[in-house]
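Listed below, chain by chain, are the residues.
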Amino acid sequence: MPVGGSDQLEELRALQGTWDLAPGSSLLCATMDQKILSLAAEKTADGLQEFLQTVKEDDLTDLLQNQAVKGKAAGALLKAIFKGLPCSEEAGALKRLKIYSCCIQLLESGDLQKEVASEIIGLLMLEVHRFPGQLLVELANEFVSAINEGKLTNGKSLELLPIILTALGTKKENLTFGKGELSGEECKKQLINTLCSGRWDHQYVIRLTSMFKAVPLTAEEVEFVVEKVFKVFSKLNLQEIPPLVYQLLVLSSKGSRKRVLGGIIAFFNKLDQQHNEEKSDDEYLDLVTVPLDELRHVEGTIILHIVFAIKLDFELGRELLKHLKAAQQGDFSSICPFSIALLLSVTRIQRFEEQVFDFLKSSVIKSFKDLQLLQGSKYIQNLFPHGYCISTMILEVVNNSVHSWDHVTQGLVEFGFRLMDSYGPKRIPDGKTAETSSGLSRMPNQHACKLGADILLETFKIHEMIRQEILEQVLNRVVTRASSPISHFLDLLSDIIKYSPLVLQSCSSKVIETFDYLSFLPVQTVQGLLKAVQPLLKVSMSIRDSLILVLRKAMFASQLDARKSAVAGFLLLLKNFKVLGSLSSSQCSQSIGVSQVHVDIHSRYNSVANETFCLEIMDSLKRCLGQQADVRLMLYEGFYDVLRRNSQLANSVMQTLLSQLKQFYEPEPDVLPPLKLEACILTQGDQVSLQEPLDYLLCCIQHCLAWYKSRVVPLQQEEEEEEEGFYQYLDDMLESITNRMIKSELEDFELDKSADFSQSTGIGIKNNICASLVMGICEVLIEYNFFISNFSKTKFETILSLFMCYKKLSDILNEKSGKGKTKMANRTTDSFLSMKFVSDLLTALFRDSTQSHEESLSVLRSSNEFMRYAVNVALQKVQQLKETGHVSGPDGQNPEKVFQNLCDITRVLLWRYTSIPTSVEESGKKEKGKNISLLCLEGIQKILSAVQQFYQPKCHQFLKALDATDEEEEEEVSVSQRAAFQIRQFQRSLLNLLSSQEEDFKSKEALLLATVLTSLSKLLKPISAEFVQMLTWTSKICAENSCEDASFCKGMLSLLFNLHVSYKSSVSLLRDLSQDIHGHLGDIDEDVEVEKTNNFALVNLKTAAPTVCLLVLSKAEKVLEEVDWLITKLKGQANQKIVSEETSSQAALTNHPMEKTTIIQLGTLLTFFHELVQTALPSGSCVDTLLKDLCKMYTTLTALVKYYLQVYQRPTGIPKNMEKLVKLSGSHLTPLCYSFISYVQNKHSKSLKCTGEKEKTAAGPTAMARALRETKPIPNLIFAIEQYEKFLIHLSKRSKVNLMKHIKLSTSRDFKIKGNVLDAVLRQEEEDENEEGTASEHEGQNKEPAKKKRKKEKKCLS
């Protein structure tokens, strides 16, 4: 220290000598402290500066330390010291640096009081910017070293670091840093890099992250910091994550928004996956690292933080959507339960609501479409063994939301309803609902709608607060959308009410309000609604009373639909309110849940009340018997179910039916006919209509009587005398009607051949109605007599007589209706025979070999027409099931009973077809009508289709039922083995058919066999030996059997393709078939002789075009769709940011099989098109489809080239097989495409000339229009080729590989004027009229329009 001559110093030294004190003593400190403060109080700082120059650094730091620890005026002292140590002098600056280091140590020591520490840090912050740059570097380095070496003890001093870094960044001069010199900004960057490369103590991670908020950072520096924070994420305690995420989100306003969001999503996705793996491993269940409850609460907090940040920074929301959309195109890695929950929370921000819901909807549909594509293609399954399913994730979010995720719940409800609204069943023009069709294209939509319903149901179960809102929205849709299909909403309502009817009592007001609209809703909607709310009626008297009031009003409404709704409602009530003593029915299709059973305890009081209630309803329903036929018909169709479910009402129901029948019954035994048909028909002026559906009435009586006699009577033997009255009386009446119907002639009904059956006259309509009634009555009586026959020969003769009456009328109606079938002639499609009876009848006719039944059954078996009729009715029932999902008649709505009947019917039909083949049957006597064996085969085909449509899970049970050797020990037989056994039977039949003489070949039977084999092959597992055998056999059949029947050929080749696709790619099959087509149809160059390949004998001159050609083109189109999908996946994966070189190389390796597969598929397809574009295809659909598919082929090739343009930076470069593909396209496809275009145009030119010569009138313009339509795809194809070549040039430039050396660029696309053609046209114009001249002009210049269009495209392109 320099020795100064100042008086103050001398005084101080004297004082020190007097007291003989050590330099560091407290007295000296006190005196120095006062001295410094007093000098600082002077106007000028000169005295202070001089004094501080004489004080040693250590003395100053000791002084400051003592004062700070004691809590005295440390702030004032520090301010005075800074005042006396200006940074303009080097010595002062160095002392300041020492003071700063001392203060930092003090702050870290934790010895200071909170107020003192805050004051010191504030002063230090204020003075930082005065430091010279070099000292700032030293100070910052000290900080960085302390952090990286873990020397910080409480991190209080970290508040100073952002100020130091900020100040350093403002220094423009070059500063010494390490071994070189850098600017202040570069030094700051280097320091941040060093800081982020070192180790961070866990307890300071949040503070360090927060610190960077105050530092101006470049995008690169933000990335350093963000990457560092994500590296330490996994080492932190879960509870520390939310505050850290908050700091990261604030920091993201400086940049790296996408990385911040992506990192957070990836971290929680990984945590969720780890938790799921731990949970699934029962052995380690006790060692779960993170408690589920804690994890979900942390996730909920993070989501709230992100949503709050998005509200303040909309750019963050846009980045979130961008990031997830990129993942949607790639491998869906970022779409996980956490990100879905986050998106659903973001929907609360109005600006993003629509965008987010649209994105989620598109993700759901894309996910289901991808799954559908995976299921339909084996080679794609091999590339993607683990399918991705977003629906599982969304339902996981619903389950997670139980952990106080209220911010997600509202979005879930809204999303569920949006899915159901957007993808629910749609009404198609003919009035049917599209949902009954199970086409593959509609499957993703159906799955999406089902997902929406599942979301709402699960949310309803978990969240009490939201239940009322869900119920209200569902009921609102049921009421307001009555005109469109709402079955999906009714199903959801039913599930909700079944789940908890007691809970819904609180929402009874909304249900009661809905009942007010019943009169205005369609009958089907009312039935569905009442079926759904039925459990509520058992627990809430107010709801039940309100419904009864509404139904009573509706019973007398002016609208027919309202009255029908009232009947439907009352019948439902009768079914579900049991009277004491009613039989328990195991056949109930509408079972009540456990929760309702507890509520509806059948005490004596309840049952008595129910009886009174039911009898009141019966009184109301009796009034319906005086209303329109439609209302009565509903009543008759419903009474059987009422009786079956509530047997104590039998007396009332049967008496009602009996009194109704008496009105139309002729009691005198000699009167013919036995029924008053005239009374059933209402005539009002010219209008004739059905008043009483007598056939339905008799059908209802017959079924009720049969059920009563089989179920109730055996249990009431002691009351036989009392009860015998009505059912014996009904038996006698039906017996009398039967006997008199047999005796009656058609003339008795005034329905002989001479009668008028036209629909234009009143008499004709009346006769049609009468005929329909008589036919219906005959069918009902046939079933009744079979039921009571006990295999009596007399009864079977009666049945045959009734059938002959039915058939005569049926023949007359068919004959009279001619080609234009009337409604009544088609009435047979809805037979009155029940499905159970059809099953029993067919079993008796074809399988009953009991000796005692032989004689009586021979009566029915003697009539081929009756047996044909029985099989036909079975076919009609199955067709009805396929179209509506249920069948008419008793138990037609009960899926279990219907399935059992299907099994029984199939077993009989299968036995009949295999035992008596069509050839054997036809060798006998020739009869009019279809062969019975062929009908049996048709029935088998329809039933297989229906079982796979409605009973997919029961296929194993179905096949087991068909197996004749139904032994207990065969339980281990697989579905594939059972299906293979049935397949072998049909394979034998087909081989026999194919080996028959050409004139004996039955096209219809062959096609049915192909369809049956296709249905059965779907039940084989693609990895099973049975499947491989089936594929080999089908290939052999197609290869060795020549058949000129187009439909059979298409059926067999479609089967071959279906099997191929499930086993491996079908492109090689396409190539072989294209060679056969080329060989049979010849080349476009007539001078070239094509060598015939004969890969498949089924392809011949008659079947090659259009049948096989259109089939292979449709399959090629599907392969192109799959390849397009693969390229989109490749692009998506390339778009996703690759973090390190290691992951980059991994990505390259994982993409390699996909790229290789894509190129192989396209290469083989290219050889397929190479054959077809050289084939002399006939004009029309074949040429048109080929041109469109070629266009798609080039579009797909262009997409692949664009992919390589996108990823060319990768070190692997362009694969050799890609170069080969480009070479192949240039040599084997593009030149031939232009030749094919010329061939098509010349062909059109010739056809136009022919047309012009034959008909020079209106046919000219028509032919011209057709020519224009057929050549329309040509400009599109040329444009696609040139786009492909354009991007190839770009790729060549970028890759430095000459990909164009094998491709000859098209130089001219404009049309040329042919002089001779032009002269001919001009001469023609002079000779002909104006119209004819116009036609000739089109004929001469037939190629101009297409070529002109192409020229326009060229201009646009350039």
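Residues numbered from 1 in each chain as written. Predicted model: local features only at pLDDT ≥ 70, side-chain atom pairs only at ≥ 80, totals over all residues. Heavy atoms only, no water.

A.B. asks: Explain the overall build of the protein chain to me, using residue names and the numbers behind them.
C.D. replies: Scanning the protein chain from N- to C-terminus turns up 58 helices and four strands. Within the protein chain, buried positions represent 53% of all 1358 residues. A sequence separation of at least 24 residues applies to 75% of the contacts in the protein chain between residues at least 6 apart. Counting every atom, the protein chain has about 62300 Å² of accessible surface; 51% of that belongs to carbon and sulfur. (Helix = DSSP H or I, 4+ residues; strand = E, 2+ residues; numbered from the N terminus. Buried < 20%, exposed > 50% of the residue type's maximum accessible area, 1.4 Å probe, protein only. Contact = heavy atoms within 4.5 Å. Areas by Shrake-Rupley, 256 points an atom, 1.4 Å probe, with all protein chains shown as cover.)

A.B. asks: Provide a residue-level description of helix 16 (residues 314-329), including the pertinent values.
C.D. replies: When the terminal C-alpha atoms of helix 16 are compared, their 23 Å separation across 16 residues agrees well with the 22 Å that a helix rising 1.5 Å per residue should span. For helix 16, every residue scored as buried is listed here: L316, G317, E319, L320, L321, H323, L324, A327 and Q328. (Expected span 1.5 Å × (residues − 1).)

A.B. asks: Summarise the pattern of salt bridges; cite the residues concerned and give the values.
C.D. replies: Taken as a whole and assessed by the stated rule, the structure comprises 36 salt bridges. Between E854 and R861 there is a salt bridge, with its nearest N and O atoms 3.5 Å apart. Under the relative-accessibility criterion, E854 is labelled partly exposed at 35%. Among the residues examined, R861 registers a relative accessible area of 21% and is labelled partly exposed. Ionic contacts of the salt-bridge type, sharing partners, join the residues E353, E354, E414 and R418 into one network. (Salt bridge = Lys/Arg side-chain N within 4 Å of Asp/Glu carboxyl O.)

A.B. asks: Explain the state of the cysteines to me, and be specific about the residues and the numbers.
C.D. replies: Inspection of the entire model under this criterion finds zero disulfides. C680 takes part in no disulfide bond, and the closest cysteine sulfur, belonging to C770, lies 8.0 Å away. (Disulfide = S-S within 2.5 Å.)

A.B. asks: For the pairing of strand 4 (residues 687-690), give the residues involved together with the corresponding values.
C.D. replies: Inspection of the sheet shows strand 3 (residues 681-684) paired to strand 4 by four bridges, in the antiparallel sense. If you follow I681 over to strand 4, its bridge partner there is L690. (Pairing = 2+ DSSP bridges.)

A.B. asks: Quick rundown of the packing of aromatic side chains? Include the residues and the values.
C.D. replies: Counted according to the given criterion, the structure contains 26 aromatic pairs. Look at F233 and F267: their rings are 4.9 Å apart centre to centre, the planes differ by 90°, and that puts the pair in the edge-to-face class. Here F233 is found in helix 12 (residues 219-233), whereas its partner F267 is found in helix 14 (residues 257-280), with 34 residues between them in sequence. For F267, a relative accessible area of 16% corresponds to the buried category. Ring geometry for F1027 against Y1063: centres 6.1 Å apart, planes inclined by 35°, an arrangement best described as tilted. With F1027 in helix 46 (residues 1025-1040) and Y1063 in helix 47 (residues 1046-1063), this pair connects stretches of sequence that are 36 residues apart. Y1063 gets classed as partly exposed once you look at its relative accessible area, which sits at 35%. Chaining the aromatic ring pairs together yields one cluster made of F230, F233, F267, F268 and F338. It is R467 that lies over the ring of F460; its NZ or CZ is 5.3 Å from the centre. (Phe/Tyr/Trp six-rings, centres within 6.5 Å; stacked < 30°, edge-to-face > 60°. Lys NZ or Arg CZ within 6 Å of the ring centre and 35° of its normal.)

A.B. asks: Describe the packing of helix 26 (residues 523-539) against helix 28 (residues 560-576), with residues and values.
C.D. replies: At a closest axis distance of 10 Å, the pairing of helix 26 and helix 28 adopts a crossing angle of 30°. By the criterion of interaxial angle, the relationship of helix 26 to helix 28 is roughly parallel. Crossing hand, helix 26 versus helix 28: right-handed. For the pair helix 26 and helix 28, the contacting residues are V523, V526, Q527, L530, K531, Q534, L537 and K538 in the first and D561, K564, S565, A568, G569, L572, L573 and N576 in the second. Class assignment for the residues of the contact of helix 26 with helix 28 results in seven nonpolar, five polar and four charged. (Axes fitted to C-alpha atoms, helices over the stretch in contact; angles between N-to-C directions. Parallel < 35°, antiparallel > 145°, perpendicular 65-115°, else oblique. Left-handed = near helix turned anticlockwise from the far one by under 90°. Nonpolar A, V, L, I, M, F, W, Y, C, P; charged D, E, K, R; others polar.)

A.B. asks: An account of a nonpolar patch on the surface is needed here, citing residue identities and associated values.
C.D. replies: Together, Y246, V250, F308 and L312 make up a nonpolar patch on the protein surface, roughly 380 Å² of accessible area in all. For the nonpolar patch, the secondary-structure elements that each account for two or more residues are helix 13 (241-251) and helix 15 (292-312). Tracing the backbone through its elements, the reader meets V250 in helix 13. Among the residues examined, V250 registers a relative accessible area of 30% and is labelled partly exposed. (Patch = residues over 30% accessible without salt bridge, like charges linked within 9 Å, V, L, I, M, F, W, Y side chains within 5 Å.)

A.B. asks: Residues and numbers for the environment of F230, please.
C.D. replies: Mapped onto the elements of the fold, F230 is located in helix 12. What makes F230 buried here is its relative accessible area of 12%. Distance in space between the C-alpha atoms of F230 and I264 is 8.2 Å, their sequence separation being 34 residues. If sequence neighbours within four positions are ignored, F230 has contacts with L248, R259, V260, G263 and I264.

A.B. asks: Describe helix 43 (residues 955-962), with residues and values.
C.D. replies: Buried residues of helix 43: C955, F958, L959, A961 and L962, and no others. Looking straight down helix 43, one finds its buried side chains confined to an arc of 155°; they lie on one side. Where helix 43 is buried, its residues meet helix 40 (895-915), helix 42 (932-950), helix 44 (975-995) and helix 45 (1003-1017). (Arc of directions from axis to C-beta.)

A.B. asks: Kindly report on the environment of R259, identifying the contributing residues and their values.
C.D. replies: Tracing the backbone through its elements, the reader meets R259 in helix 14. Along the primary structure R259 and E227 are separated by 32 residues, whereas in three dimensions their C-alpha atoms are 8.5 Å apart. With near-sequence residues (within four places) excluded, R259 lies in contact with V226, E227 and F230. Here the side chain of R259 touches E227 through a polar contact of 2.5 Å, side chain to side chain. (Polar contact = N/O pair within 3.5 Å; in protein donor to acceptor, adjacent residues only side chain to side chain.)

A.B. asks: Lay out unusual backbone geometry with the relevant residues and their values.
C.D. replies: Residue P673 is reached from L672 by a cis peptide bond, and omega for that bond is -10°. Residue placement: P673 occurs in the loop between helix 32 (650-662) and strand 3. Note that the residue after A1105, namely P1106, is joined by a cis bond; omega there is 0°. For P1106, the location among the structural elements is in helix 49 (residues 1104-1135). Even without being a glycine, S404 presents a positive backbone phi close to 60°. Along the chain, S404 falls in the loop between helix 20 (390-400) and helix 21 (406-423). One non-glycine residue, D891, adopts positive backbone phi at about 60°.

A.B. asks: Account for the confidence of the model for the protein chain, with residues named and values stated.
C.D. replies: For the protein chain, per-residue confidence averages 80 on the pLDDT scale, and 81% of positions sit at 70 or higher. Long-range and interchain partners of residues 585-605, a stretch whose pLDDT sits below 50, account for 34 contacts in this model, where long-range means more than four residues apart. With pLDDT under 50 throughout, residues 819-828 is counted as low confidence; its partners more than four residues away or in other chains account for 16 contacts. (pLDDT = per-residue confidence, 0-100.)

A.B. asks: Could you give an account of the environment of K498, naming the residues involved and the relevant values?
C.D. replies: With respect to the helices and strands, K498 occurs in helix 24 (residues 487-499). With a relative accessible area of 41%, K498 lands in the partly exposed category. Separated by 34 residues in the primary sequence, K498 and A532 place their C-alpha atoms 8.1 Å from one another.

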